[in-house]
Amino acid sequence: MSTTPETIDEKPEDLPPGTTPYYARMHKWIKRAVLVCLVALVIEGAFTLPFMAVYYGYPTLSLTEICSELLKVRYSDDELECKVPYPAFGPPEGAEGKDTARDEWGIQPVPRYERIGFRELVRNHEEREARRAAEQQEAGNP
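Quick summary incoming for the structure in this document. (Residues numbered from 1 in each chain as written. Predicted model: local features only at pLDDT ≥ 70, side-chain atom pairs only at ≥ 80, totals over all residues. Heavy atoms only, no water.)

## Considerations on the nonpolar core
- Counting 6 residues, the largest nonpolar core is built from Y56, L61, I66, V73, L121 and V122.
- Only α2 (63-75) and α3 (120-140) provide two or more residues apiece to this core.
- Membership of the second largest hydrophobic core comes to 5 residues, among which are Y75, L80, C82 and A101. (Core = buried A, V, L, I, M, F, W, Y, C linked by side-chain atoms within 4.5 Å. Buried < 20%, exposed > 50% of the residue type's maximum accessible area, 1.4 Å probe, protein only. Helix = DSSP H or I, 4+ residues; strand = E, 2+ residues; numbered from the N terminus.)

## Some points on the environment of E65
- Relative to the assigned elements, E65 resides in helix α2.
- Through-space distance from the C-alpha of E65 to that of E81 is 8.1 Å; in sequence the pair is 16 residues apart.
- Residues in contact with E65, not counting those within four places in the same chain, are T60 and H125. (Contact = heavy atoms within 4.5 Å.)

## Observations concerning the packing of aromatic side chains
- In total, this model carries 4 aromatic pairs according to the counting rule given.
- Taking 4.9 Å as the distance between ring centres and 90 degrees as the angle between the ring planes, the aromatic pair formed by Y22 and Y23 counts as edge-to-face.
- Assessed through its relative accessible area of 41%, Y23 is described here as partly exposed.
- Seen in terms of ring centroids, Y55 and Y56 are 5.5 Å apart; in terms of plane orientation they differ by 70 degrees. Their pairing is edge-to-face.
- For Y55, a relative accessible area of 34% corresponds to the partly exposed category.
- Counting every residue linked through ring pairs, the aromatic cluster contains Y55, Y56 and F118.
- Of note, R32 hangs over the ring of W29, and the distance from its end group to the ring centre comes to 4.6 Å. (Phe/Tyr/Trp six-rings, centres within 6.5 Å; stacked < 30°, edge-to-face > 60°. Lys NZ or Arg CZ within 6 Å of the ring centre and 35° of its normal.)

Spelled out as structure tokens, the structure:
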């Protein structure tokens, strides 16, 4: 049995360019599936950032401070800070801290930093601020 344009629901002039009548129904379902997947990805992305920000300590730390703390953990360097706004022609993000990271670099890099727990960045930030305050106090009172 052959399928002719007369047995297909859509007429050839109603089809999008590049679609033959034989594949019209398949193209319609593929388009619907792709649109559903795109909507799901947008919804997932919209909820991911707020939940991750709260997990890392958003109400206590600003987004810039969270970014800086993540850089410090990732590259094992307490001096790294996120630049906001990032310079237009600056180095790629993280390029300046790559030499301090304890990772094993290769085709598939292996990270050597500890996993970050719930609101652990807040604790790290507060400890770092306490150390800096103690150092400044020591320097001020010889």
